[in-house]
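# Architecture at a glance
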Amino acid sequence: MIPEHLFQDRYWRGLLHIFTNHNKLKQFLSNPDYFDFEELSLHVEALLKASKGWSPCEKFMLEVALHLFNGINKIDLSQADRLDNKSTEILREALLLRLDR
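Our subject in this report is the structure included herewith. Remember, predicted model here, so these are calculated numbers, not experimental data.

It is worth spelling out the nonpolar core at this point. Formed by 29 residues in total, the largest nonpolar core has its most connected members in Trp-12, Leu-15, Ile-18, Phe-19, Phe-35, Leu-42 and Leu-47. When contributions to this core are tallied by element, the ones reaching two or more residues are helix H1 (10–21), helix H3 (44–50), helix H4 (56–70) and helix H5 (85–99). Sorting elements by how many residues they give to this core places H4 first, with eight residues. In contact with Ile-18, other than residues within four places in its own chain, are Leu-25, Met-61, Val-64, Ala-65, Leu-68, Ile-90 and Ala-94.

Turning our eyes to something else, we now look at the pattern of salt bridges. Overall, the coordinates contain one salt bridge when judged by the stated rule. One salt bridge in this structure joins Glu-89 and Arg-92, with 2.7 Å as the shortest N-O distance. Taken together, the residues span about one helical turn, with Glu-89 and Arg-92 both in helix H5 at a distance of three residues. Look at Arg-92 and you get partly exposed, because its relative accessible area is 45%.

What follows covers the packing of H1 against H5. Contact geometry of H1 with H5 gives a least axis separation of 8 Å together with a crossing angle of 165 degrees. Taken together, the axes of H1 and H5 lie roughly antiparallel to each other. The handedness of the crossing between H1 and H5 comes out as right-handed. Taken together, the residues of H5 that come into contact with H1 (itself represented by Arg-10, Tyr-11, Arg-13, Gly-14, His-17, Ile-18 and Asn-21) are Lys-86, Ile-90, Glu-93, Ala-94, Leu-97 and Arg-98. Among the residues forming the contact of H1 with H5, the class breakdown is five nonpolar, three polar and five charged.

The bulk of non-glycine residues show a negative phi, and the bulk of peptide bonds are trans. Residues other than glycine seldom take positive phi values, yet Leu-40 does so here, at roughly 55 degrees. Leu-40 gets classed as partly exposed once you look at its relative accessible area, which sits at 38%.

Once that is clear, we can look at the packing of aromatic side chains. This structure, assessed with the given rule, holds six aromatic pairs. Measuring from ring centre to ring centre gives 5.9 Å for Trp-12 and Phe-37, while their planes differ by 50 degrees; the resulting arrangement is tilted. Note that Trp-12 is positioned in helix H1 and Phe-37 in the loop between strand E1 (35–36) and strand E2 (41–42), a separation of 25 residues in sequence.

The rules behind each value
- Residues numbered from 1 in each chain as written.
- Predicted model: local features only at pLDDT ≥ 70, side-chain atom pairs only at ≥ 80, totals over all residues.
- Heavy atoms only, no water.
- Core = buried A, V, L, I, M, F, W, Y, C linked by side-chain atoms within 4.5 Å.
- Buried < 20%, exposed > 50% of the residue type's maximum accessible area, 1.4 Å probe, protein only.
- Helix = DSSP H or I, 4+ residues; strand = E, 2+ residues; numbered from the N terminus.
- Contact = heavy atoms within 4.5 Å.
- Salt bridge = Lys/Arg side-chain N within 4 Å of Asp/Glu carboxyl O.
- Axes fitted to C-alpha atoms, helices over the stretch in contact; angles between N-to-C directions.
- Parallel < 35°, antiparallel > 145°, perpendicular 65-115°, else oblique.
- Left-handed = near helix turned anticlockwise from the far one by under 90°.
- Nonpolar A, V, L, I, M, F, W, Y, C, P; charged D, E, K, R; others polar.
- Phe/Tyr/Trp six-rings, centres within 6.5 Å; stacked < 30°, edge-to-face > 60°.

Printed below as a string of structure tokens:
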């Protein structure tokens, strides 16, 4: 279960918004191989490894989520052109959540 206070944290909320609303990513939230909500950590390398066979759009959504969380994973925003309407809306909302102070 995701601690409620993380939905208020500017580093977690954009990532959580993408993961809770994107069908592919949603399945990883409850897996301790990827998220440890007791330690408040995520396993970036494991997530990237899991995404090896995904579509470019699915990988992009993961990369954006990770970028919003820690800024280390760089993204190319021009890849957003490939997203469907639902994913574009999820992305837009996640960006606003991350930037809202």
